[in-house]
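Listed here are the chains, written in short residue letters.
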Amino acid sequence: MTLVNTKKMFEMAYNNGYAVGAFNVNNMEITQGIVTAIAEEQAPLILQVSRGARAYASISYLKAIINVAVEENPDIPIVINLDHGDNFETCKQFVDDGFTSVMIDASAHPFEENIKFTRKVVEYAHPRGVVVEAELGQLGGIEEDVVGVNDVSKNLADPDHVVEFVEKSGCDSLAVACGTSHGAYKFKSEPKLAFDVIQKIADKLPGFPLVMHGSSSVLAEFKDLINKYGGDMPNAMGVPEEAISKAAKMAICKVNIDTDLRMALTAKIRQVFAEKPSEFDPRKYLGPGREAIKEMVKHKLHLLGCAGKAAECM
Ligand SMILES: [Zn+2]
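1. Section: the packing of helix α2 (residues 28-41) against helix α12 (residues 282-304)
One can describe the packing of α2 onto α12 by two numbers: an axis separation of 8 Å at closest approach and a directional angle of 40°. Relative to α12, the element α2 is oriented oblique. Between α2 and α12 lies a crossing whose hand is right-handed. Contacts between α2 and α12 pair Glu29, Ile30, Gln32, Gly33, Ile34, Thr36, Ala37, Ile38, Glu40 and Glu41 from the former with Leu286, Arg290, Ile293, Lys294, Val297, Lys298, Leu301 and His302 from the latter. Considered class by class, the residues forming the contact of α2 with α12 number eight nonpolar, four polar and six charged.

2. As for the sheet that holds strand β10 (residues 210-212)
Sheet strands pair by backbone hydrogen bonding; their relative direction is either parallel or antiparallel. With parallel pairing, the eight strands of this closed barrel are ordered in space as β1-β2-β3-β4-β5-β8-β10-β11. In this sheet, adjacent strand axes meet at a mean angle of 25° when their direction is disregarded. For strand β5 (residues 131-136) and strand β8 (residues 173-176), the ladder comprises four bridges, and the chain directions are parallel. In the sheet register, glutamate 133 faces β8, and the bridge partner there is serine 173.

3. Here's the deal with the environment of leucine 286
Structurally, leucine 286 can be placed in helix α12. Residue leucine 286 is classed as partly exposed on the basis of its relative accessible area of 22%. For the pair leucine 286 and aspartate 172, spaced 114 residues apart in sequence, the C-alpha to C-alpha distance is 37 Å. Contact partners of leucine 286, with chain neighbours within four places excluded, come to Glu29, Leu265 and Ile269.

4. A few points about helix α7 (residues 159-169)
Taken together, the buried positions of α7 are occupied by Pro159, Val162, Val163, Phe165, Val166 and Ser169. The secondary structure elements touched by the buried residues of α7 are α6 (111-125), β5, β8 and α8 (195-204). Two or three places before aspartate 160, at the opening of α7, aspartate 158 has a side-chain oxygen 2.8 Å from that residue's backbone nitrogen.

5. Brief notes about the state of the cysteines
Cysteine pairs can be covalently joined through their sulfur atoms, and such a bond is termed a disulfide. The final tally for this structure, using the stated rule, is zero disulfides. Between cysteine 91, a free cysteine, and cysteine 171, which holds the nearest cysteine sulfur, the sulfur-to-sulfur gap is 13 Å. Summary of cysteine pairing: cysteine 313 is not part of a disulfide, and the nearest cysteine sulfur, belonging to cysteine 306, is at 8.2 Å. For cysteine 313, a relative accessible area of 2% puts it in the buried group.

6. Quick notes on the packing of helix α5 (residues 88-96) against α6
Where α5 meets α6, the closest approach of the two axes is 10 Å, and the angle between their N-to-C directions is 20°. Here α5 is positioned roughly parallel relative to α6, judged by the angle of their axes. Once α5 is placed against α6, the crossing between them reads as right-handed. Across the interface between the two elements, Phe88, Cys91, Lys92, Val95 and Asp96 from α5 touch Lys120, Val121, Tyr124 and Ala125 from α6. The residue makeup of the contact of α5 with α6, split by class, is six nonpolar, no polar and three charged.

So, how was this worked out
- Residues numbered from 1 in each chain as written.
- Predicted model: local features only at pLDDT ≥ 70, side-chain atom pairs only at ≥ 80, totals over all residues.
- Heavy atoms only, no water.
- Axes fitted to C-alpha atoms, helices over the stretch in contact; angles between N-to-C directions.
- Helix = DSSP H or I, 4+ residues; strand = E, 2+ residues; numbered from the N terminus.
- Parallel < 35°, antiparallel > 145°, perpendicular 65-115°, else oblique.
- Left-handed = near helix turned anticlockwise from the far one by under 90°.
- Contact = heavy atoms within 4.5 Å.
- Nonpolar A, V, L, I, M, F, W, Y, C, P; charged D, E, K, R; others polar.
- Pairing = 2+ DSSP bridges.
- Buried < 20%, exposed > 50% of the residue type's maximum accessible area, 1.4 Å probe, protein only.
- Polar contact = N/O pair within 3.5 Å; in protein donor to acceptor, adjacent residues only side chain to side chain.
- Disulfide = S-S within 2.5 Å.

Here is the structure:
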């Protein structure tokens, strides 16, 4: 078993100027695509399960799939994280289910309440060897039932608040509002990440790992395929990859990617349906989707700088 929490991973990522990719899993093909890429590139891995994933596939199926990935890859450190836990009970359940990391997202609550909710999860998780990611400030866009603010540039994290929040809550990492946004329709114009905010937080909290949500780039390759083969996503826009790469060299140690996985799978399925309309074997369209996910994830691992870093994160 090489299931680990994020402690060593984030320490290495912070000190060596890279970030670990955190990928959302919803079924077997998505998980296999991600894990094959990780194994080929020898990168550390964070697999995430959201409440929506749990509702769709059930935690026992997802956990079983993830367990196979862990057993088959003893050389890869793998974290399993609850994405956007909404309350203490949810977080407690995932800790009890063997997750090594949980996110408590109480960011919609006032500052003091967010600290209180996060603290409670920390007090349950830490004695059990589980780390806690918290969120401060309002991220933009829509991720399943998590609805953010409209204009991310007006809702950036306040570095002084971040220091107080981290000290009082005891969280191990923090998702901060720095200009990213959930979903495929995050932006009306090309976004600018608030590198100054990231740097100010790093100056005040040296060594503390930050997390970037909503960090898919909405790759042209897949957007174009989707639109070419009957899809309708003309206005989809993501975070430019150069910006992700720059943030990964700073205090950002975890970069969440979900939309790009969804779009890779959807693009390939659409392509097969359009080019081979008589095809009805699910393996013939899910297979190419899985392959596209693998290639896309390999590309991301180089972008984040975590390719080849599995061993040092063990
Ligand atoms: Zn998120």
